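What follows is each chain in one-letter form.
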Amino acid sequence: MHIEVIRATETWQQAGAYYVRIQGMAKQHGITLRREFDEHDTPETQYIVLTDDSFPVATCRFYRLDKNSAMLGRVVVLPDYRGMGLGIQVITEAEDWLRELGYEKVVIESRDIAVEFYEKLGYGVTDSNIIHGNTFDCIRMEKML
């Protein structure tokens, strides 16, 4: 395995993020393209893509909430690559980029089944009310950078 990190600033790189999201979440959970790609997928949205020998295998996105905080989400690792630490790596890479951009806080709306994963990365539950989405139930979490 040869993992490369891409800060996806060009269309062809962002296509890798979209591919992972379609294969790793939308197809697996029956999520329509309209629901997977929402109002937060804009030209200002930032994407991290991890590739294995140039093939996209993991991704996440983030976007600005206010001058000090950003929302991190759509963290996806392809099924064949799960359990290899790539979820941690893609989040860590996003956090590094967020620090460089001057953000102080990261917000995540974690799937209820992933809360423990994010807690291990230093995120804390900020609102225990469940957010009932179209596909998953989520919990709001935050981390200071």
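This is a predicted model, so every value here is computed, not measured. (Residues numbered from 1 in each chain as written. Predicted model: local features only at pLDDT ≥ 70, side-chain atom pairs only at ≥ 80, totals over all residues. Heavy atoms only, no water.)

1. Points about the layout of surface pockets
Next, step 1: In this structure, the largest pocket encloses a volume near 1200 Å³.
Next, step 2: Around the largest pocket, the lining comprises 40 residues; the ones closest to its centre are M25, R74, V75, R111 and F136.
Next, step 3: Counting only elements with at least two residues in the lining of the largest pocket, the list comes to α1 (11-29), α2 (33-36), β3 (55-64), β4 (69-77), α3 (86-100), β5 (105-111) and α4 (115-120).
Next, step 4: The leading source of residues in the lining of the largest pocket is β4, at seven residues.
Next, step 5: The residue inventory of the lining of the largest pocket, partitioned by class, reads 20 nonpolar, eleven polar and nine charged. (1 Å grid on protein atoms, 1.4 Å probe; cavity = no way out; pocket = protein on both sides within 12 Å on 5 of 7 lines; lining within 4 Å. Points joined across faces, edges and corners; volume = space filled by probe spheres on them. Helix = DSSP H or I, 4+ residues; strand = E, 2+ residues; numbered from the N terminus. Nonpolar A, V, L, I, M, F, W, Y, C, P; charged D, E, K, R; others polar.)

2. Brief notes about α1
Next, step 1: Taking 1.5 Å of rise per residue, the 19 residues of α1 would be expected to cover 27 Å, and the 25 Å separating its terminal C-alpha atoms lies within 8% of that figure.
Next, step 2: Where α1 bends most, at I22, the angle is about 40 degrees.
Next, step 3: Within the sequence span of α1, burial applies to Q13, Q14, G16, A17, V20, R21, G24, M25 and A26.
Next, step 4: Directly after α1, the chain includes G30, whose backbone phi takes a positive value near 65 degrees. (Expected span 1.5 Å × (residues − 1). Bend = angle between axes of the 7 residues up to and from the residue. Buried < 20%, exposed > 50% of the residue type's maximum accessible area, 1.4 Å probe, protein only.)

3. Side note on the nonpolar core
Next, step 1: Ranked by internal contacts, the top residues of the largest apolar core, which has 33 residues, are I48, L50, L72, L86, I91 and Y123.
Next, step 2: Counting residues per element, the ones that place at least two in this core are α1, β2 (46-52), β3, β4, α3, β5, α4 and β7 (137-144).
Next, step 3: With six residues, the single largest contributor to this core is α3.
Next, step 4: Those residues within four positions of I48 in sequence are excluded, and the remaining contacts are V5, I6, R7, A58, T59, C60, V90, E93, A94 and W97.
Next, step 5: Counting residues in hydrophobic clusters, the runner-up holds five residues, among them I6, A17, Y47 and V49. (Core = buried A, V, L, I, M, F, W, Y, C linked by side-chain atoms within 4.5 Å. Contact = heavy atoms within 4.5 Å.)

4. Re the state of the cysteines
Next, step 1: According to the stated counting rule, one finds zero disulfides in the structure shown.
Next, step 2: Of all cysteine sulfurs, the one in C138 lies closest to C60, which takes part in no disulfide; the gap is 15 Å.
Next, step 3: Under the relative-accessibility criterion, C138 is labelled buried at 13%. (Disulfide = S-S within 2.5 Å.)

5. Considerations on the pairing of β4
It is a general feature of regular strands that their side chains alternate between the two faces of the sheet.
Next, step 1: Burial analysis of β4 places seven of its nine residues in the buried class, which makes it a mostly covered element.
Next, step 2: As defined by bridge partners, β3 adjoins β4 across six bridges and the pair is classed as antiparallel. Considered in β4, the bridge of F62 is made with L72.
Next, step 3: Here β3 folds back onto β4 in antiparallel fashion, the turn holding four residues.
Next, step 4: Pairing analysis gives four bridges linking β4 to β5, with the strands arranged parallel. Within β5, the residue paired with M71 across the bridge is V107.
Next, step 5: On the question of chirality, the crossover connecting β4 to the parallel β5 by way of α3 is right-handed. (Pairing = 2+ DSSP bridges. Right-handed = clockwise from strand over helix to strand, strands pointing away.)

6. A look at α3
Next, step 1: The first and last C-alpha atoms of α3 sit 21 Å apart over 15 residues, in line with the 21 Å expected at 1.5 Å per residue.
Next, step 2: Turning to α3, its buried residues number three or more, namely L86, G87, V90, I91, A94, E95, W97 and L98.
Next, step 3: At the exit of α3 stands G102, carrying a positive phi of roughly 95 degrees.

Function-wise, these values are silent; they only describe arrangement.
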